[in-house]
Amino acid sequence: TGLGLERIVAVMQGVHSNYEIDLFRNLIRAAQEILSAQGVKSHSLNVVADHIRAAAFLITDGVLPSNEGRGYVLRRIVRRAIRHGHRLGAQETFFYKLVAPLVAEMGSAYPELAKAQVSVERALMQEEERFNETLEQGLRILDDGLATIKSDTIPGELIFKLYDTYGFPVDLTRDVALERNLKLDMAGFEREMEAQRDRARAAGKFDTDYNAAIVADHGTEFSGYEHEQDNAHVTELYRDLKMRTEMLEENEVGIVVLDRTPFYAESGGQVGDTGILVGKTGQFIVQDTKKHPSGTHLHIGRVERGRIRVGDSLEARIDKEWRQKTRLNHSATHLLHAALRQALGVHVAQKGSLVHPEYLRFDFSHLQPVTPDELQDIEDLVNTQIRANHEVETRVMNLDDAKVSGAMALFGEKYTEKVRVLRMSDFSVELCGGTHVRRTGDIGLFKITSESGVAAGVRRIEAVTGAGALAYVRETEQKLASVANLLRAHPDEVARKIEQLQTRIKTLEKDVEQWRGKLTRGESVDLASQVKQIKGVKVLAARLDGADAKGLREAIDQLKDRLAPAAIVLASVVDGKVTLIAGVTKDLVGRLHASDLVNQVAVKVGGKGGGRPDMAQAGGNDPSSLDAALSDLPGWVEQRLS
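Description of the structure in this document.

Attention now goes to the nonpolar core. Counting residues in each nonpolar core, the largest one holds 59 residues, and the members touching the most others are F95, L124, L142 and I154. Breaking this core down by element, the ones donating at least two residues are α2 (22–34), α3 (43–60), α4 (69–87), α5 (99–106), α7 (117–147), α8 (156–166), α9 (170–179) and α10 (186–203). Among all residues touching L124, those that are not within four sequence positions of it are I52, A55, I59, V78, F95, Y96 and V99.

In structure tokens, the structure reads:
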């Protein structure tokens with residue numbers, strides 16, 4: 001009947017609307033106080049109260065505002081609530097302030113909401129600030145567009161541009177249209193939307209999709225959890241990754257399908273195994289292993305010698321070193337995930353990963369950069385678990401039983417009824433189908449190499465393990481030793497030496513600036529003797545080599561004070577480049593323009609410039625013509641004044 005919990009509550013509390021039950025009454029009252037809308041009854045208050053609950057629980061479950069998928073759903077919910085807050089008179093960020101009243105109402109029933117309060121507030125505040133910037137920019141662009149419209153209809157192209165490029169909601173454009181008695185060309189908007197969908201569909205098609213060409217009649221039994229090599233039979237062959245064939249000849253590139261294989265096929269972020277397939281008549285180098293949508297393993301590579309036929313019996317041998325390095329990094333990824341949640345908060349959720357033999361990459365939800373201290377804590381947590389040398393247990397369980405046992409499942413992943421549960425003590429318990437170490441101590445060492453942002457609310461950590469981590473530490477030590485050698489110091493003294501150098505550099509820079517100023521002021525006094533009187537105006541065109549633009553401007557300011565009425569051009573040559581500054585005193589601005597003055601010289605030294613009527617700047621790349629250009633300037637000024 002669609003009765004639902006809240007409608008039952010409405011019946012029990014004797015009210016006629018879900019928004020009149022105690023939960024919403026308190027949230028609406030809190031919204032009224034935050035928005036200074038006491039006594040106001042409005043549908044917008046209901047929207048704000050409803051949407052704060054939806055948004056807060058989504059963020060608590062690991063969803064963050066974005067431009068795709070569930071993140072986009074959240075973004076639309078948040079922005080709709082913000083717009084209704086604006087209708088109620090909100091002038092500043094307000095939505096995040098409703099998290100505390102929500103926690104007061106529902107935190108005891110949902111303790112995870114209370115734990116995530118700070119991160120939920122931060123996410124909502126950042127999203128509202130971002131949306132306010134979008135609104136300001138969108139309204140400015142809409143106003144510019146409306147200024148060019150000669151009809152009473154906003155074109156579909158403009159509506160779509162605002163929506164697609166600037167994130168400006170269509171219904172907000174509609175509100176503006178109603179305020180200004182304008183119509184919307186929604187048919188044109190829909191045409192633009194459909195064209196965008198077509199472009200997206202076209203962009204989503206792979207140039208070479210071998211999966212589409214492969215029949216995969218035969219399944220593959222994976223034996224790689226127990227074996228690093230196994231005997232198998234060829235069930236299918238494909239030449240050039242797409243053409244079904246009965247045989248692959250020497251040096252031909254293709255795909256081999258086996259009835260059973262120890263080769264792990266790329267999935268769950270873990271790269272596919274490499275290795276060789278050896279038979280009586282040929283040998284096939286496996287350069288990658290992919291999984292067909294049907295689940296069949298595809299061994300991709302080339303025939304190194306001989307030939308491979310359908311029906312051949314082959315020995316499948318994985319590259320043991322490749323697999324072992326991958327194991328270390330995959331197990332470390334699970335420890336990293338658990339450490340992130342412990343160090344940063346339970347809001348951390350996996351957003352993507354790559355497990356490669358040489359390194360691991362882990363993307364996760366978090367709203368700000370991870371600080372150096374937090375990174376150190378995370379690294380320490382992982383290495384503590386490595387030193388504890390826990391046994392890594394794997395069990396195949398029913399999905400429901402696995403969840404009851406506390407195993408973490410990744411939101412959005414598709415799981416079969418039977419799943420593998422990977423446990424490393426109680427520190428990390430997750431569902432995972434990848435290959436792993438036998439004990440955490442096998443990982444040896446874990447070192448974070450970088451932390452960065454990859455999208456709004458998504459951070460990325462890259463790290464190395466085992467021999468890769470030792471090589472990273474050794475390389476870092478060598479770099480430190482090189483720096484210490486350049487500084488002629490012990491590695492322990494490097495930081496102190498660099499601080500001393502920085503202090504000395506700053507002092508020298510100040511000294512240089514002071515001497516340059518003194519030089520400029522001193523030369524400006526001498527320059528006064530080069531002034532020419534032309535029709536009552538003092539004209540000066542001179543070189544001040546070595547001075548920068550700032551020094552030239554200071555010199556002109558001093559000369560203008562002493563020489564008015566005056567027209568001045570000063571030039572400097574540094575590293576083969578000409579810098580020109582022109583100045584005109586205020587009493588001459590109506591008769592001479594500083595831009596014209598500076599360009600009269602600039603064009604003759606291969607440059608151009610511009611500026612205000614009283615001060616202009618230019619550059620050039622032909623110092624050899626500078627003296628002649630400066631000597632011609634008084635004559636040009638005389639002509640202009642005439």
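We now examine the sheet that holds strand β18 (residues 428–431). With antiparallel pairing, 3 strands are arranged side by side in an open sheet as β16-β17-β18. Looking at the sheet topology across the chains shown, the edges are occupied by β16 (392–398) and β18. Looking at each pair of strands side by side, their axes are set apart by 20 degrees on average, direction ignored. Inspection of the sheet shows β16 paired to strand β17 (residues 418–424) by 7 bridges, in the antiparallel sense. Opposite T394, over in β17, you have L422 as the bridge partner.

Turning our eyes to something else, we now look at the packing of aromatic side chains. What characterises a pair of aromatic rings is the spacing of the ring centres plus the angle enclosed by the ring planes. Per the stated rule, a full pass over the model turns up 8 aromatic pairs. Measuring from ring centre to ring centre gives 5.1 Å for F57 and Y110, while their planes differ by 85 degrees; the resulting arrangement is edge-to-face. Taken together, the positions of F57 in helix α3 and Y110 in the loop between α5 and α6 (111–115) put the pair 53 residues apart, joining distant regions of the chain. Relative accessible area serves as the criterion here: at 36%, Y110 is assigned to the partly exposed category. For the ring pair F160 and F189, a centre distance of 6.3 Å and an interplane angle of 55 degrees mean the geometry is tilted. In this pair, F160 is assigned in helix α8 and F189 in helix α10, connecting sequence segments 29 residues apart. Judged by relative accessible area, which is 7%, F160 ranks as buried. F189 sits in the buried class, given a relative accessible area of 6%. An aromatic cluster is defined as three or more aromatic residues linked by ring pairs; in this entry it consists of F160, Y163 and F189. The positively charged end of R420 is found above the aromatic ring belonging to Y225, 3.7 Å away from the centroid.

Of the voids in this model, the second largest pocket is the one considered here, and its volume is about 690 Å³. Around the second largest pocket sit 23 residues that line it, and Y72, R76, R79, Y163 and G167 are the ones nearest its centre. Of all the secondary-structure elements, those providing two or more residues to the lining of the second largest pocket are α4, α7, α8, α9 and α10. The element best represented in the lining of the second largest pocket is α4, accounting for 6 residues.

This part takes up the environment of N251. Residue position: N251 is located in the loop between β6 (247–248) and β7 (253–258). What makes N251 exposed here is its relative accessible area of 53%. Through-space distance from the C-alpha of N251 to that of R305 is 7.1 Å; in sequence the pair is 54 residues apart. Dropping the residues within four chain positions of it, N251 is found in contact with R302 and V303.

Quick look at the pairing of strand β20 (residues 458–465) now. Residues in a regular strand point their side chains to alternate faces of the sheet. Counting buried residues along β20, 6 of its 8 residues qualify, which places the element largely inside the surrounding structure. Pairing geometry for strand β15 (residues 360–365) and β20, over 6 bridges, is antiparallel. The partner of D363 across the bridge, within β20, is R460. Looking at chain direction, strand β19 (residues 446–455) and β20 are connected through 8 bridges and run antiparallel. In the strand pairing of β20, G453 is matched with R459. Counting the residues in the hairpin turn of β19 and β20 gives 2 residues, including G457, whose phi is positive at 80 degrees.

So, on to the pattern of salt bridges. Applying the stated criterion across every chain yields a total of 30 salt bridges. Here E228 ties to R327 by a salt bridge, and the two come within 3.6 Å at their closest N and O atoms. Of this pair, E228 sits in the loop between β3 (221–222) and β4 (229–239) while R327 is found in helix α12 (residues 320–344), placing the two residues 99 residues apart along the sequence. In this structure R327 comes out as buried when scored by relative accessible area, which is 11%. When the shortest N-O distance is used, the salt bridge between E379 and K447 registers 3.2 Å. Of this pair, E379 sits in helix α13 (residues 372–388) while K447 sits in strand β19, and the two are 68 residues apart along the sequence. With relative accessibility at 9%, the residue E379 sits in the buried group. Salt bridges sharing partners connect three or more residues here, namely R75, R79, E127 and R130.

A separate point is unusual backbone geometry. For the bond running from A564 to P565, omega is -5 degrees, close enough to zero to count as cis. One non-glycine residue, N251, lies in positive phi territory at about 75 degrees.

This next bit is on empty space enclosed by the protein. Inspection of the entire model under this criterion finds 2 cavities of 30 Å³ or more. Counted as a void, the largest cavity has a volume near 60 Å³. Lining the largest cavity we find L64, P65, A123, Q126, E127, R130, L367, A456 and G457. In the lining of the largest cavity, the residues fall into 5 nonpolar, 2 polar and 2 charged. Considered as a void within the structure, the second largest cavity measures approximately 40 Å³ in volume. What lines the second largest cavity is I59, G62, L64, S119, H347, S365, H366 and L367. Classifying every residue of the lining of the second largest cavity gives 3 nonpolar, 5 polar and no charged.

Judged by how many residues are buried, strand β23 (residues 566–574) sits mostly within the fold: 8 of 9 residues are covered. With 8 bridges joining them, β23 and strand β24 (residues 577–584) adopt antiparallel strand pairing. By the bridge assignment, V573 is partnered in β24 with V578. Linking two consecutive strands that pair antiparallel, namely β23 and β24, is a turn of 2 residues; a positive phi of about 55 degrees is found at D575 within it.

Conventions adopted
Residues numbered from 1 in each chain as written. Predicted model: local features only at pLDDT ≥ 70, side-chain atom pairs only at ≥ 80, totals over all residues. Heavy atoms only, no water. Core = buried A, V, L, I, M, F, W, Y, C linked by side-chain atoms within 4.5 Å. Buried < 20%, exposed > 50% of the residue type's maximum accessible area, 1.4 Å probe, protein only. Helix = DSSP H or I, 4+ residues; strand = E, 2+ residues; numbered from the N terminus. Contact = heavy atoms within 4.5 Å. Pairing = 2+ DSSP bridges. Axes fitted to C-alpha atoms, helices over the stretch in contact; angles between N-to-C directions. Phe/Tyr/Trp six-rings, centres within 6.5 Å; stacked < 30°, edge-to-face > 60°. Lys NZ or Arg CZ within 6 Å of the ring centre and 35° of its normal. 1 Å grid on protein atoms, 1.4 Å probe; cavity = no way out; pocket = protein on both sides within 12 Å on 5 of 7 lines; lining within 4 Å. Points joined across faces, edges and corners; volume = space filled by probe spheres on them. Salt bridge = Lys/Arg side-chain N within 4 Å of Asp/Glu carboxyl O. Nonpolar A, V, L, I, M, F, W, Y, C, P; charged D, E, K, R; others polar.

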